Amino acid sequence: MGVSRRRLLVSDFIMSFMWVWSSVLIKMFVHTMLGYGAHDLKGEILKHSISVINMFFFAFLAKATKGGAYNPLTILSGAISGDLSNFLFAVGARIPAQVFGSITGVRLIIASFPNIGRGPRLTIDIHRGALIEGCLTFAIVTISLGLSRRSRASTLMKTWISSLSKLTLHILGSDLTGGCMNPASVMGWAYARGDHITKEHIQVYWLAPIQATLLAVWTFNLLVSPPKDEKEKMKEKKSE
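Here is what the cut-offs are and how they apply
Residues numbered from 1 in each chain as written. Predicted model: local features only at pLDDT ≥ 70, side-chain atom pairs only at ≥ 80, totals over all residues. Heavy atoms only, no water. UniProt positions renumbered as here; feature names shortened; annotations may be inferred. Helix = DSSP H or I, 4+ residues; strand = E, 2+ residues; numbered from the N terminus. Rg over C-alpha atoms; globule rule 2.2 N^0.38 Å. Buried < 20%, exposed > 50% of the residue type's maximum accessible area, 1.4 Å probe, protein only. Areas by Shrake-Rupley, 256 points an atom, 1.4 Å probe, with all protein chains shown as cover. Lys, Arg positive; Asp, Glu negative; His and termini not counted. Charge placed at Lys NZ, Arg CZ, Asp CG, Glu CD. Contact = heavy atoms within 4.5 Å. Polar contact = N/O pair within 3.5 Å; in protein donor to acceptor, adjacent residues only side chain to side chain. Expected span 1.5 Å × (residues − 1). Phe/Tyr/Trp six-rings, centres within 6.5 Å; stacked < 30°, edge-to-face > 60°. Lys NZ or Arg CZ within 6 Å of the ring centre and 35° of its normal. pLDDT = per-residue confidence, 0-100. Core = buried A, V, L, I, M, F, W, Y, C linked by side-chain atoms within 4.5 Å.

Per an unreviewed UniProt entry, the recorded name for the chain is Aquaporin SIP2-1s, and the organism is Nicotiana tabacum. The UniProt entry for the chain carries the following text under Subcellular location (unreviewed entry): "Membrane". Listed under Sequence similarities (unreviewed entry) in UniProt, the entry text for the chain is "Belongs to the MIP/aquaporin (TC 1.A.8) family."

**Q** Teacher, can you tell me more about the overall build of the chain here?
**A** Along the backbone of the chain there are nine helices and zero strands. Taken over C-alpha atoms, the radius of gyration comes to 18 Å for the chain, in line with the 18 Å a tight globule of 240 residues would show. The principal-axis extent of the C-alpha atoms belonging to the chain is close to 65 × 40 × 35 Å. Taken across its 240 residues, the chain has 40% of its residues classed as buried. Element-wise, carbon and sulfur atoms account for 65% of the exposed surface of the chain, whose accessible area totals about 13800 Å². With 26 positive and 14 negative side-chain charges, the chain shows a spacing of 4 Å between the two charge centroids.

**Q** How should helix α3 (residues 72-80) be read in this particular structure?
**A** In an α-helix, one turn spans 3.6 residues; hence positions three or four apart end up facing the same way. Regarding α3, the residues found buried are Pro 72, Leu 73, Ile 75, Leu 76, Ser 77 and Ala 79. In this structure, the buried residues of α3 make contact with α4 (84-112), α5 (126-149), α7 (183-193) and α8 (199-223). Capping of α3 at its N-terminal end is provided by Asn 71; its side-chain oxygen lies 3.0 Å from the backbone amide nitrogen of Leu 73.

**Q** Is there a simple way to think about α5 in this case?
**A** Here α5 is 24 residues long and its end C-alpha atoms lie 34 Å apart, about the 34 Å a rise of 1.5 Å per residue gives. Those residues of α5 that sit buried are Gly 129, Ala 130, Glu 133, Gly 134, Leu 136, Thr 137, Ile 140, Val 141, Leu 145 and Leu 147. Packed against the buried residues of α5 are α3, α6 (155-173) and α8. The opening residue of α5 is Asp 125, an N-cap whose side-chain oxygen sits 3.2 Å from the backbone nitrogen of His 127.

**Q** Would you take a moment to explain the packing of aromatic side chains for this structure?
**A** For any pair of aromatic rings, the description consists of the separation of the ring centres together with the inter-plane angle of the planes. A complete count under the given rule lists seven aromatic pairs for this structure. Between Trp 19 and Tyr 70 the ring centres are 4.2 Å apart and the planes differ by 15°, which places this aromatic pair in the stacked class. Highlighted residues: Trp 19 in helix α1 (residues 3-33) and Tyr 70 in the loop between α2 (41-64) and α3, separated in sequence by 51 residues. Residue class for Trp 19 comes out buried when judged on its relative accessible area of 18%. By relative accessible area, which is 12% here, Tyr 70 ends up buried. Seen from their ring centres, Phe 57 and Phe 58 are 5.6 Å apart, and the 80° between their planes marks the pair as edge-to-face. Classification of Phe 57 as partly exposed rests on a relative accessible area of 38%. Grouped by ring-pair contacts, the aromatic residues Trp 19, Phe 57, Phe 58 and Tyr 70 constitute a single cluster. Over the ring of Phe 89 we find Arg 5; its NZ or CZ atom is 4.5 Å from the centre of that ring.

**Q** How do you make sense of unusual backbone geometry when you look at a structure like this?
**A** Note: most peptide bonds trans; most residues except glycine with negative phi. Of note in the backbone geometry, Lys 66 takes a positive phi value of approximately 60° without being a glycine. Take Lys 66: it is sitting in the loop between α2 and α3. Taking the relative accessible area as the measure of exposure, Lys 66 reaches 73% and is therefore exposed. Even without a glycine there, the phi angle at Met 181 is positive, about 55°. Turning to its location among the elements, Met 181 is positioned in the loop between α6 and α7. Look at Met 181 and you get buried, because its relative accessible area is 6%.

**Q** Hey, could you run me through the confidence of the model for the chain in this one?
**A** It should be kept in mind that the predicted coordinates are not to be read in detail where pLDDT is low. In the predicted model, the chain carries a mean pLDDT of 87, and the fraction of residues at 70 or more is 92%. Within the chain, the lowest mean pLDDT, 49, falls on helix α9 (residues 228-239), and the highest, 93, falls on α2.

**Q** Is there a simple way to explain the nonpolar core in this structure?
**A** Generally speaking, a soluble globular protein has its nonpolar side chains buried in company with each other. Counting ten residues, the largest nonpolar core is built from Ala 69, Ile 75, Ala 79, Ala 90, Ile 95, Val 99, Ile 103, Ala 184, Met 187 and Trp 206. When contributions to this core are tallied by element, the ones reaching two or more residues are α3, α4 and α7. Here the element with the most residues in this core is α4; it accounts for four residues. What Ala 69 contacts, discounting residues up to four positions off in sequence, is Asp 12, Met 15, Ser 16, Ile 75, Arg 94 and Gln 98. Grouped together as the second largest cluster of nonpolar side chains are nine residues, Leu 145, Leu 169, Met 181 and Phe 220 included.

This is the structure:
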């Protein structure tokens with residue numbers, strides 16, 4: 001395995017570890033340190049504002065690490081369109097690194113703050129939960145693919161649109177499935193609770209998002225034509 005791939009694995013582990021911690025620290029800052037209630041409007045606005053800033057920070061980390069990620073769906077959507085070796089590396093190494101990073105982060109959180117809670121839970125039946133989590137994933141993957149094709153847009157604008165989209169979709173699904181759209185993060189909390197191998201967890205937080213990601217990539221590639229530079233590369237390959 002090359003140095004760059006090892007670096008990606010380390011980056012994925014560290015970013016996944018930091019991601020589960022960041023969400024907990026934001027809640028502790030707003031509710032424990034500042035004293036806002038769970039349904040206080042000012043507290044919710046502050047929490048969501050900090051969450052957007054946090055997503056900007058992780059976007060910076062992804063750029064600084066040259067591709068590091070904390071969400072399996074992010075690398076899966078890119079790996080689907082790549083070659084077989086990159087796909088196998090993403091599925092066989094990067095996603096496990098993210099899962100392990102999330103589990104390690106959650107275990108340390110619970111050891112440090114035993115009363116912090118036990119993460120997102122499904123509050124509706126499995127089938128509706130899978131449908132909701134799948135729809136949320138389909139939406140965010142489609143938005144991400146659309147932003148990646150907009151070469152003229154600035155990185156700041158792309159990150160702003162992506163962050164607001166993720167936050168909006170998270171709010172829409174938070175009371176039903178948790179609105180995580182991140183199987184690795186949910187896996188960390190489910191592993192801590194001991195229900196990571198249940199039908200509920202696998203079907204709602206793994207199978208549904210993965211299927212939605214595959215469908216989003218396929219649909220996007222079917223409906224949206226590739227940029228001109230990609231078309232030229234395809235023509236060159238055919239001529240060769």
